[in-house]
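Listed here are the chains, written in short residue letters.
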Amino acid sequence: MQGKGLVTLVAIVLGLICLNELLPSFYANKIEKEALAVAGDNQQKYQEEIARLSKDTLNLGFTKLNYVDAKAKEMKLGLDLKGGINVLLEINQRDLVNDLTNYSANPVLIEALNRTEKVQRNSTKLFIDDFFTQFDIVNKEKGTNLKLADPEIFGNTNLTEIKFNTTDEQVKNIVRKKIDQSVGTAYEVIRTRIDKMGVTQPNVQRVAGTGRILVEMPGIKDIDRVKKMLATSAKLQFWEVQQVPEVYPYFEQLGQLVRAKGDSMGVKNNTDLVKALQINTLRSNGVANVKLSDTAIVNKILNSEVAIKARPTNIKYTQFMWGYKPEREDPNNLVLYAIRGNINQKAPVDGAVESSNVSYDQIGRIVVDMQMDSKGAKEWKTMTEKNVNKPVAVTLDNRVYTAPNVSGVIPNGRTQISGNFTQQEAKDLTDVLGAGKLPAGAKIVQADVVGPSLGAESIQAGVLSFLIAFAVIIVYIIFYYGGAGVYAVIAMIINLFYIFGIMDSIDATLTLPGIAGIVLSMAMAVDANVIIYERTKEELFRGKSILEAYKDGFKHAISAIIDGHLTTLITAVILYIFGTGPIQGFAVTLIIGLIMTLFTSVLLSRLMIFNRLSKGKSLSVWTPMTKNAFRNVWIDFIGKRKYAYIFSGILMIISIASIAVNGFKFGIDFTGGRNYVVRFEKHVDAEKVEASIAKLMQTEDGKNSAVEAKTFGSGNQLKISTDYLIDDESLKADQTVEQKIYEGVKADLPANMTLADFKSADKGHAGIVSSTKVGPTVADDIKTGGTLAVLASLVGIFIYILVRFDKWQFSLGAVAGLFHDTVVILGVYSLFYKIAPFNMEINQDFIAAILTVIGYSINDTVIIFDRIREYLREKKAITLAGLFDDSISSTIGRTFNTSFTTILVILAIFIFGGDNLRGFMFCLLVGIGFGTYSSIFIASATAYDFLRGKKKEENPHGKSTVDNAEIVKS
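Note that the coordinates shown come from a computational prediction; the quantities given were computed from them, not determined experimentally.

Trainee: What exactly am I supposed to notice about the pairing of strand 18 (residues 673-679) here?
Mentor: Within a regular strand, the side chains alternate between the two sheet faces. Among the seven residues of strand 18, seven are classified as buried, and the element is accordingly described as predominantly covered. Alternating residues of strand 18 divide into Gly673, Asn675, Val677 and Arg679 and Arg674, Tyr676 and Val678, and every residue in both groups is buried. As defined by bridge partners, strand 18 adjoins strand 21 (residues 767-774) across seven bridges and the pair is classed as antiparallel. Paired with arginine 679 across the strands is glycine 767, a residue of strand 21. Both strand 18 and strand 20 (residues 717-722) contribute to a ladder of six bridges, which runs antiparallel.

Trainee: Before we go on, may I ask you to explain helix 6 (residues 107-120) in this structure?
Mentor: Because an α-helix completes one turn every 3.6 residues, residues spaced three or four positions apart along the sequence face the same direction. Under the 1.5 Å per step criterion, the end-to-end length of helix 6 is 20 Å for 14 residues, consistent within 8% with the ideal 20 Å. Turning to helix 6, its buried residues number three or more, namely Val108, Leu109, Ala112, Leu113, Thr116 and Gln120. Each buried residue of helix 6 lies within a common arc of 130° when the element is viewed along its axis, so the set occupies one face. What points out from helix 6, more than 90 degrees from its buried face, is the exposed set Pro107 and Lys118. One side-chain oxygen at the N-terminal end of helix 6 lies 2.9 Å from the backbone nitrogen of valine 108; it belongs to asparagine 106.

Trainee: Would you take a moment to explain the pattern of salt bridges for this structure?
Mentor: Pairing between side chains becomes possible if they bear opposite charge and their charged atoms approach one another. This structure, assessed with the given rule, holds 33 salt bridges. Residues joined by salt bridges that share partners form a network here, namely Glu539, Arg542, Lys544, Asp552 and Lys555.

Trainee: Sorry if this is basic, but what is going on with a nonpolar patch on the surface here?
Mentor: Where nonpolar side chains cluster on the molecular surface, the patch consists of Ile12, Leu16, Leu19, Leu58, Leu60 and Phe62 and spans about 550 Å² of accessible area. A per-element tally of the nonpolar patch places helix 1 (residues 4-39) first, with three residues. Positionally, leucine 16 belongs in helix 1. Taking the relative accessible area as the measure of exposure, leucine 16 reaches 55% and is therefore exposed.

Trainee: How should I be thinking about helix 10 (residues 244-261) in this particular structure?
Mentor: Compared with an ideal rise of 1.5 Å per residue, which puts 18 residues at 26 Å, helix 10 spans 24 Å between its outermost C-alpha atoms and is within 8% of the ideal. Of all the positions in helix 10, only Val247, Tyr250, Phe251, Leu254, Gly255, Leu257 and Val258 are classed as buried. Contacts made by the buried residues of helix 10 are with helix 11 (273-277), helix 12 (295-303), helix 13 (305-309), strand 9 (319-322) and strand 10 (333-339).

Trainee: Is there a simple way to explain the pairing of strand 6 (residues 212-218) in this structure?
Mentor: Burial runs high along strand 6: seven of the seven residues are buried. Across seven bridges, strand 4 (residues 84-91) lies against strand 6 in antiparallel orientation. When the sheet's bridge partners are listed, asparagine 86 is paired in strand 6 with glutamate 216. Two strands pair when backbone bridges link them, and strand 5 (residues 203-207) and strand 6 are joined in this way by five bridges, in the antiparallel orientation. Paired with asparagine 203 across the two strands is glutamate 216, which belongs to strand 6.

Thresholds, definitions, all that
Residues numbered from 1 in each chain as written. Predicted model: local features only at pLDDT ≥ 70, side-chain atom pairs only at ≥ 80, totals over all residues. Heavy atoms only, no water. Buried < 20%, exposed > 50% of the residue type's maximum accessible area, 1.4 Å probe, protein only. Helix = DSSP H or I, 4+ residues; strand = E, 2+ residues; numbered from the N terminus. Pairing = 2+ DSSP bridges. Expected span 1.5 Å × (residues − 1). Arc of directions from axis to C-beta. Polar contact = N/O pair within 3.5 Å; in protein donor to acceptor, adjacent residues only side chain to side chain. Salt bridge = Lys/Arg side-chain N within 4 Å of Asp/Glu carboxyl O. Patch = residues over 30% accessible without salt bridge, like charges linked within 9 Å, V, L, I, M, F, W, Y side chains within 5 Å. Areas by Shrake-Rupley, 256 points an atom, 1.4 Å probe, with all protein chains shown as cover. Contact = heavy atoms within 4.5 Å.

So, in structure tokens, the structure goes:
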């Protein structure tokens, strides 16, 4: 065999690299198991045992291992396997533009920014690009003819590179660059904060082409703390405070408006606003002291369009801000402050903090001492001079931490923040301030949270499904192919070793969908071996020697294997480009698996087989039971294509009708919303729980928000979905929704369960085991990205097949088959989503499954087309229909074996792989079933009809003497 030395060298080098990469994972796991065996469930004892074992070093000669270093290098597990949080942070682009314009109050600028925020809700473009478009529109409408380099726009001291004669196009490039730099600064700040939290194996990365930052933190349990640490801008601001006499007349006027127009303000007409404000109970410099349960109502009233229009001149720009948390002496109320604003809402003092530390005040309360930078110190001195004996509010992210009276001028920039802190809260605040401020506010637009107990269950389910799928493949392939099957299994084991090693070496994260991708790679590895062995069997039946048969088997199979793998690779790459998070994990493992399959199943397997054959040893390619399986099968597929057309036509009509009438159950990935998987100690009534929660979640017009509760897996587990407060992406909104769900399910929870216990369910306890939030702008991006992914995949496959097979009829047939599969799958999801006992939502996972089906189906189609192409060159005395029937019939053994083993593998994952993967696997089951069917009856039949054109064949079978050259025109 040519090149066997190179293949051997590559295999050995690759094996050593993978071994070196995987050893730390094995060693860290070994140490943790030893510690767990000694400590059991005692966490303190477990940590002590880990510390003791960490002192040991394992010397293997070529490398030394200790627990601390091994833990840092071990394979990363995604949060769906380890528990933790995955968030997508979005840097406030309007804040960045405001900063670059030096908070200009130019009406054209303000109007353009307002319009941009509205457009962004349904736009996939960058904020700044939409802003430039809206600026041009407003500029023309108002006839102002402003240039972007105008001093009131970007031509200010914040952008010294912009001169009076800088063109608009040049300004746009400068501004885009500045915003990109600001997002880069935000990325570094976020990384520093996470480092201060001491998180093991965090994953922080910028999302290319956006103002977003992806953060994944496996193993984290205190989710609220993490969210607060990530989203806090650390932009400390100081504002003048307005007192009760200035705003009380406005509150009285609002109270009357509520009685007259409450419905349009989102509250009931009989709401007593003045009573809810409890002004007579104030102990601070606020303007109201509101019960925690009434804060949402007060927010609705103050932020309503009616209330904003009713504002008198003295509070036209006032910002109403809530206190950071309830006072210790008044735990059930929250203070509302009136912050004196201005037209551009720029704070009088807005400086960064140079240093901060936790301290105590005169009466022993925890406080944070800090030193401002030179700019902030100068502004703070001016402000304190102006406001002696008046209150000044210290705010962080529009929350008032303290609002004391200024007793005297503060000249040196030193000040103190108090806020009823706990020790942990004060430490977190100093960590945030110490890491530096974000260039603009940040909000969590997407979040996935998985509890540690669910992560452990996912690992168990993933490993179990993996082992069962692996065992199924081993048993079947050895049963069917005998000795050759053993070599296929050896190649597959080496393939798995390479996949895990390469993933570890590139620092890829292993997720539950990633395990599914690996299992699917195993199925593709089986497919490669099946193609080779089926071709080898054909050569043996022609009377060739075992050595010659294997040589020709590999030679004839290589084209089909490469075509099949490359078309699947196209869909995997597109999936990676358009997917996010776990879906990218699936794509990465599939891409690595496909490449390694080509190496192990074709090159390495060939090397091992020919090494045996060159020694004069035999190697069976069948067993007595399978020797003649599919040998003399010949079916008139083309002759029966009209029945298939009718059957498929009926299926597609039913599917399209169902889609039109029933629609789909769209996941929050596409609509925006929040999902919670809640576990109970006993079976619960989903409809009763849904009704109970819906009563607590009302929209601004008084109607109930969309709430759905559905059994998820076992009867003691529900998946609760809602779009309540989805436009509010703050931590406070997350906490409000969780509070409402807790109240709605409280009757089914243990009597002593608190909200904190409910939010952090651990092994064996009831509560939230996972949650997902997707903001509306992200949902729109995901939906657009998913659609583009499917279209790009179809176009890419059409072009590839056109290039490889040199006839557009083959491309058309392939895309027709894929279109058929997609419509049927959509129809199945539309028909059964209401009654299926597992998730059948149209979401990111569904798009990934569709693309996987496309990849598999096209792989099946390419195998048949490859044989048709071969016969077109070789068979000159056959009708076109007979040629197609011969091609399909001769590959039927490969089609059955590959489809059968793949379906067995997917069934194993569907049954044993956990609730999160069932919807994904169901789509694959349906898709692969219909994909196999469409490869024969739709793709091949369509290609035949268009190749044949208008010319009819009188005897469309395989024994005609018509030369195919007369039928097929190039």
